[in-house]
Amino acid sequence: YNYGEGCFTKNYTLHSLTYITTDAFETPGGTHLDTGITIDTLNNQSFYRLTIIGTNPNGVQLWQKSYGNFKFQYLNNNFTSRSLIYNNDCFYLYSIAKDSNNKYLSVLIKFNFNGDTLWQKKYYDATDYLYVQSVCKSVDNGFLMTGFFEGTLRTCLLIKTDSSGTELWRKKLVKSTAPQTQAGARILQDTLSKKIIIAGYEYQWDGTQPGGFSGYGNIIILDSLGIELQRKTYSGFCGSIFLDLIQTKDKNFIAVGYNDQCDNLSGPLGTRRNKSYVVKFNVNNITIPLWKKEIDITTPSNGISSLNELTNGNLVLAGTIDTLVNHNIPEKGMLRVIKMDMNGNIVWKKYLSRDNIQSNSNVAMSIDKCLNGGFLIAVQLVYASNPKPYTITKIDSTGCDSTIAYCQTVGLKEIKNNTEIINIYPNPTNDILNIKLDDFLDFENYRIKVVNVLGQTIMETKLEKKLNISCLKNGIYFLQVFDKGK
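The paragraphs below set out a description of the structure included in this document. Since this is a predicted model, take the numbers as computed values, not measurements. (Residues numbered from 1 in each chain as written. Predicted model: local features only at pLDDT ≥ 70, side-chain atom pairs only at ≥ 80, totals over all residues. Heavy atoms only, no water.)

A look at the overall build of the protein chain
Each helix and strand in the protein chain was counted, giving zero helices and 36 strands. For the protein chain, with 486 residues in total, the buried portion stands at 55%. In the protein chain, of all internal contacts separated by at least 6 residues, the share reaching a separation of at least 24 is 52%. Roughly 21000 Å² of accessible area belongs to the protein chain as shown, and the carbon and sulfur atoms make up 49% of that amount. (Helix = DSSP H or I, 4+ residues; strand = E, 2+ residues; numbered from the N terminus. Buried < 20%, exposed > 50% of the residue type's maximum accessible area, 1.4 Å probe, protein only. Contact = heavy atoms within 4.5 Å. Areas by Shrake-Rupley, 256 points an atom, 1.4 Å probe, with all protein chains shown as cover.)

Some remarks on the packing of aromatic side chains
Taken as a whole, this structure holds 21 aromatic pairs when the rule is applied. Aromatic side chains Phe 242 and Tyr 277 sit 5.9 Å apart centroid to centroid with 20° between the ring planes, which places their arrangement in the stacked category. With Phe 242 in strand β20 (residues 240–247) and Tyr 277 in strand β22 (residues 274–281), the pair connects residues that are 35 residues apart, well separated along the chain. The class of Phe 242 is buried, set by a relative accessible area of 1%. Judged by relative accessible area, Tyr 277 falls into the buried class, the value being 3%. Clustering of aromatic rings is evident, with ring pairs tying together Phe 25, Tyr 67, Tyr 86, Phe 91, Phe 111 and Phe 113. It is Arg 154 that lies over the ring of Phe 148; its NZ or CZ is 4.2 Å from the centre. (Phe/Tyr/Trp six-rings, centres within 6.5 Å; stacked < 30°, edge-to-face > 60°. Lys NZ or Arg CZ within 6 Å of the ring centre and 35° of its normal.)

Thoughts on the pairing of strand β11 (residues 117–123)
Strand direction decides the pairing type here: strand β10 (residues 104–111) and β11, joined by six bridges, are antiparallel. Bridge pairing links Phe 111 to Thr 117 in β11. The turn linking β10 back onto β11 is made up of five residues, and Gly 115 within it adopts a positive phi angle of 80°. (Pairing = 2+ DSSP bridges.)

Digging into the nonpolar core
As a rule of thumb, soluble globular proteins bury nonpolar side chains together. In terms of nonpolar packing, the biggest core is built from 27 residues, with Tyr 74, Phe 91, Val 107 and Phe 111 touching the most fellow members. Elements with a contribution of two residues or more to this core: β3 (17–26), β4 (32–42), β5 (45–55), β9 (91–98), β10, β29 (375–381) and β30 (390–395). Of all the elements, β10 adds the most residues to this core, at four residues. With sequence-adjacent residues up to four places away left out, Val 107 is seen in contact with Phe 72, Tyr 74, Leu 93, Tyr 94, Ser 95, Ala 97, Gln 120, Lys 121, Lys 122 and Tyr 123. Residues Leu 144, Ile 187, Ala 255 and Ile 286 belong to the second largest nonpolar core, which totals 25 residues. (Core = buried A, V, L, I, M, F, W, Y, C linked by side-chain atoms within 4.5 Å.)

Brief notes about the pattern of salt bridges
Evaluation of the coordinates by the stated rule reveals 20 salt bridges. Notably, a salt bridge pairs Arg 82 with Asp 244, separated by 3.1 Å at the nearest N-O pair. Note that Arg 82 is positioned in the loop between β7 (73–75) and β8 (84–86) and Asp 244 in strand β20, a separation of 162 residues in sequence. Arg 82 gets classed as buried once you look at its relative accessible area, which sits at 14%. A salt bridge links Arg 186 to Asp 244, with the shortest nitrogen-to-oxygen separation between them at 3.1 Å. Placement of the pair is Arg 186 in strand β16 (residues 181–189) and Asp 244 in strand β20, with a sequence separation of 58 residues. Neither Arg 186 nor Asp 244 differs from the other in exposure class; each is buried. The network of salt bridges with shared partners includes Asp 125, Asp 128, Glu 167, Arg 170 and Lys 172. (Salt bridge = Lys/Arg side-chain N within 4 Å of Asp/Glu carboxyl O.)

Quick notes on the sheet that holds strand β31 (residues 422–425)
Reading across the sheet, the three strands line up as β31-β32-β35 and stay open at both edges, with antiparallel pairing between neighbours. Either end of the sheet is taken by a strand with one partner, and the two such strands are β31 and β35 (466–468). Put simply, the sheet's adjacent strands are angled 20° from each other on average, direction ignored. Where strand β32 (residues 432–437) lies against β35, three bridges are found, and the strand directions are antiparallel. Within the sheet, the bridge partner assigned to Asn 434 lies in β35 and is Lys 466. (Axes fitted to C-alpha atoms, helices over the stretch in contact; angles between N-to-C directions.)

Quick notes on the side chain of Lys 275
Assignment of secondary structure puts Lys 275 in strand β22. The exposure class of Lys 275 is buried, given its relative accessible area of 13%. Discounting chain neighbours no more than four positions away, the residues touching Lys 275 are Gly 257, Tyr 258, Asn 259, Asp 260, Gln 261, Glu 294, Ile 295, Asp 296, Ile 297 and Asn 302.

Quick notes on the environment of Asn 112
Mapped onto the fold, Asn 112 is located in the loop between β10 and β11. On the accessibility criterion, Asn 112 (18% relative accessible area) is buried. In this structure, the C-alpha to C-alpha distance between Asn 112 and Phe 91, residues 21 residues apart in sequence, is 6.4 Å. Once you skip the residues sitting within four places of it in the chain, Asn 112 turns out to touch Asp 89, Phe 91 and Leu 118. Separated by 2.9 Å, the side chain of Asn 112 and the backbone nitrogen of Asn 114 make a polar contact. A polar contact is formed between the side chain of Asn 112 and the backbone nitrogen of Asp 116, at a distance of 3.0 Å. (Polar contact = N/O pair within 3.5 Å; in protein donor to acceptor, adjacent residues only side chain to side chain.)

In C-alpha cells:
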C-alpha cells in the first residue's frame, strides 16, 4: 500500500519461509535498512538466517544480504522488541545464535550501511545458554548488554565490552528471594551518574494465574561496575513486562510495556488481556515514579513495545491493540501509535491496520524517527501464514499516512473541549449500530460515512440514531460524521 507524502506499508517476501521483522531505521543518507530472521531450506532441511534489506525512501527494495548456514544459525528472540543500535556511519545488530554443537549463544555484529559485516563477536557461557536481548553504548564508548542466562534458573545477565565488542566482565544478577526467575529486556547507562539501568521482568511459577505464573515488570539500577543499588517492581502480579526504555532530555527515564488486566479473562487463543503501561522515573530514586500511566484499561488486549522522544519532549509510542478479543472473536491486532506530552497526557492515538486477513495480527517491533519528521515502524504479522513477509510502515509526524480516511477527519473531541460527545454501541456488532450524540448536536445537520481500513467509502447516508450495518462483511470499519462536508 502506498499513501502519498512518502508514507506507505510494504511487505517484502524474501525467502521461502520468511519468519519475522525485527527492526527498521532510516540512515543519515535517507535510505531504509530493515532487519529480521528468515528461514531457508536446502535438501529438505530448514535453517535460520539473519537477513538485511536496503530500500530507498519510498520503500523500493535496492538490495538484500543474508548471513548464516546449517552450522551457525541466527535465531529470533521472542521476548523483546528491537534488535539493533546505530550511529552516523554504522549499525550494531545483536542476535541469539546456535552453533554446530547445538549450543545457544549470542552475537554482536558491526555492519556498514551497505549491510557488510565489519566484525562479529560471540558470547558463550560455560554452563548456561546465553541470550542477549538489548545492547547500548556505554559512557566510555564500549557496550553494555542485558538479557538472561537460561539454565536451571533464568537469571538476568549484564555484560560489559570495549568499543570493539571484546568482553571485559560479566555479571549474573541472581536474586536471593522470590521471584528469582528474571531477565533484562532493555539496558541504558545514565550519562550523568554512569549508573546502569535495566528494564525487564521477573516471574515465578506459582500456578495462581493463567499460564501458571505471576509476572512482575521491574527496573534494576546498578553502579558502573554492575553492583546492584536499587530494584523496583512497578506493576501487578498477574503478568507484566517492560519492553523498551529511553533516557529523556531532562535526564530521567521512561519504560514502556504492558500489564495484565487481572480480570481472569482470556481470548479465543488464550490471549491475556493486557493494558499498555508507561512509567517515568528518576535514576536516583525509583521508589516513587515521577508519573505512571495505564492506557485502555477496559479489557481490550493492548501493549506498548517501543517509544521515541521528540525534540520538544513529547513522546511517540508504538504497540498493538486487539478489541475483538473482548467478544471471543478470532484475534485482529491493529498497529497503534500514541503521542503523549512530556507529562504522560495523551495527545492522540492512531490505529493502522492494512490487511484484511484476520489472523495477521500487527505487532510493532520498533519505531524510529525519520529525517522528515515521520516514523518508520517494523511490524510483525504474528499469525500470518508462510511465507511471512517483512512488514514496514512509514507514517508522517501526525501518525497518519496522508490518505487514510480517519487521518483526514476532524475529531469531534476537538470541537468541545476534548470531551466525549459521541457514542456508538454495541461495538462490535453485526446488525444495528446505535449512535448517540451530545445534546448540543443536531442530527438534522449531519451525514455519515462508513470507511474500511483501505480508506474506501462503503456506506454514506444521513445521520440516524440507528444504523443498519448487517450488509457489511466482517471486518474493521471507521465511522465518520460530517458537518457541511467537514
